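Remarks on the overall topology
As a plain string of letters, each chain reads:
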Amino acid sequence: MAILNILRYPDPRLHMVADEVAEVSDDTRQLVSDMAETMYQAPGIGLAAPQVDRLLRIIVVDISEHQNDLRVFINPQIIDKDGVRECEEGCLSVPGIYASIQRAERIRVRALDENGKTFELEADGLLAVCIQHEIDHLDGRVFVDYLSRIKRDRIIKKLKKGTRS
Ligand code: GNR
Ligand code: NI
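The structure presented is a predicted model; accordingly, all values stated were derived computationally and were not measured. (Residues numbered from 1 in each chain as written. Chains lettered and ligands numbered in written order. Predicted model: local features only at pLDDT ≥ 70, side-chain atom pairs only at ≥ 80, totals over all residues. Heavy atoms only, no water.)

Quick look at the nonpolar core now. Residues I59, V61, F73, I107, A123, L127 and I131 are the most contacted members of the largest nonpolar core, which totals 17 residues. Sorting the residues of this core by element identifies strand 2 (58-61), strand 4 (99-112), strand 5 (118-124) and helix 2 (125-138) as the ones contributing at least two each. In terms of residue count, the dominant contributor to this core is helix 2 (six residues). (Core = buried A, V, L, I, M, F, W, Y, C linked by side-chain atoms within 4.5 Å. Buried < 20%, exposed > 50% of the residue type's maximum accessible area, 1.4 Å probe, protein only. Helix = DSSP H or I, 4+ residues; strand = E, 2+ residues; numbered from the N terminus.)

Right, here's the structure in full:
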């Protein structure tokens, strides 16, 4: 097990499109386990592989209160969605910044599990928000990309100030 380094916005690597996992292997499972550990210790409710500099279509999510309901999605696809809702979002790659983002209210996701088996899941509420946020990371999108240029520039400035030593 290992805690992985989380890339910080505006790192250009957060804007790359991740590759499909060709085969779910022991290496994949090792990465999933390290991602889960990294997410739990952050702490966060989701993490996408590109955030830890692995350009693969893998996400982990756990919205439970006690960090005991890990969900793993490999090569996830949203195959159905409906409704619109707005939710205040944050991101481990954009620390300390929160903004209201529009998402689908309900989604149906198809993905592979840790054994390479296809499954489908219907999600709503925070789980649906989180899955959409994570799949965005796989496509090189960070939630602040939905904000106006002015707001985004302000966020970049603030983050740069925070990392100045
Ligand atoms: O920990 C996280 N919280 C969160 C809150 C509202 C909407 C989305 C999220 S995901 C985020 C972890 C993260 O950055 N995942 O990519
Ligand atoms: Ni995020």
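Read on, since the account is not over.
Turning our attention to the side chain of H137. Position of H137 relative to the elements: it lies in helix 2. Residue class for H137 comes out buried when judged on its relative accessible area of 2%. There is a polar contact of 3.3 Å between the side chain of H137 and the side chain of H133. Look past the residues within four positions of H137 in its chain and what remains in contact with it is M16, A48, P50, Q51, C91 and V142. (Polar contact = N/O pair within 3.5 Å; in protein donor to acceptor, adjacent residues only side chain to side chain. Contact = heavy atoms within 4.5 Å.)

As a further point, take the pairing of strand 3 (residues 71-89). When strand 2 meets strand 3, the two strands line up antiparallel, connected through four bridges. Its bridge partner being in strand 3, I58 is matched across the sheet by I74. Judged from the 12 bridges that link them, strand 3 and strand 4 form a sheet pairing that is antiparallel. Bridge pairing links K81 to I107 in strand 4. (Pairing = 2+ DSSP bridges.)

Moving on, we come to the pairing of strand 5. Of the strand pairs in this sheet, strand 4 and strand 5 are connected by seven bridges, and their pairing is antiparallel. The residue of strand 5 that forms the bridge with R106 is D124. Taken together, strand 4 and the strand that follows it, strand 5, pair antiparallel across an intervening segment of five residues, in which G116 is found at a positive phi of about 80 degrees.

This paragraph deals with the site of ligand 1. The immediate surroundings of ligand 1 are formed by 13 residues, with I45, Q51, L92, E134 and H137 found nearest. In this structure, I45 approaches ligand 1 through a main-chain N or O atom, which is 3.0 Å from an oxygen atom. Contact between ligand 1 and E134: a nitrogen atom at 2.6 Å from a side-chain N or O atom of the residue. In isolation ligand 1 has 380 Å² of accessible area, and contact with the protein removes 90% of it. Looking at the shell around ligand 1, the elements with two or more residues in it are strand 3 and helix 2. Here the element with the most residues in the shell around ligand 1 is helix 2; it accounts for four residues. Split into classes, the residues belonging to the shell around ligand 1 amount to four nonpolar, six polar and three charged. (Near = heavy atom within 4 Å. Areas by Shrake-Rupley, 256 points an atom, 1.4 Å probe, with all protein chains shown as cover. Nonpolar A, V, L, I, M, F, W, Y, C, P; charged D, E, K, R; others polar.)

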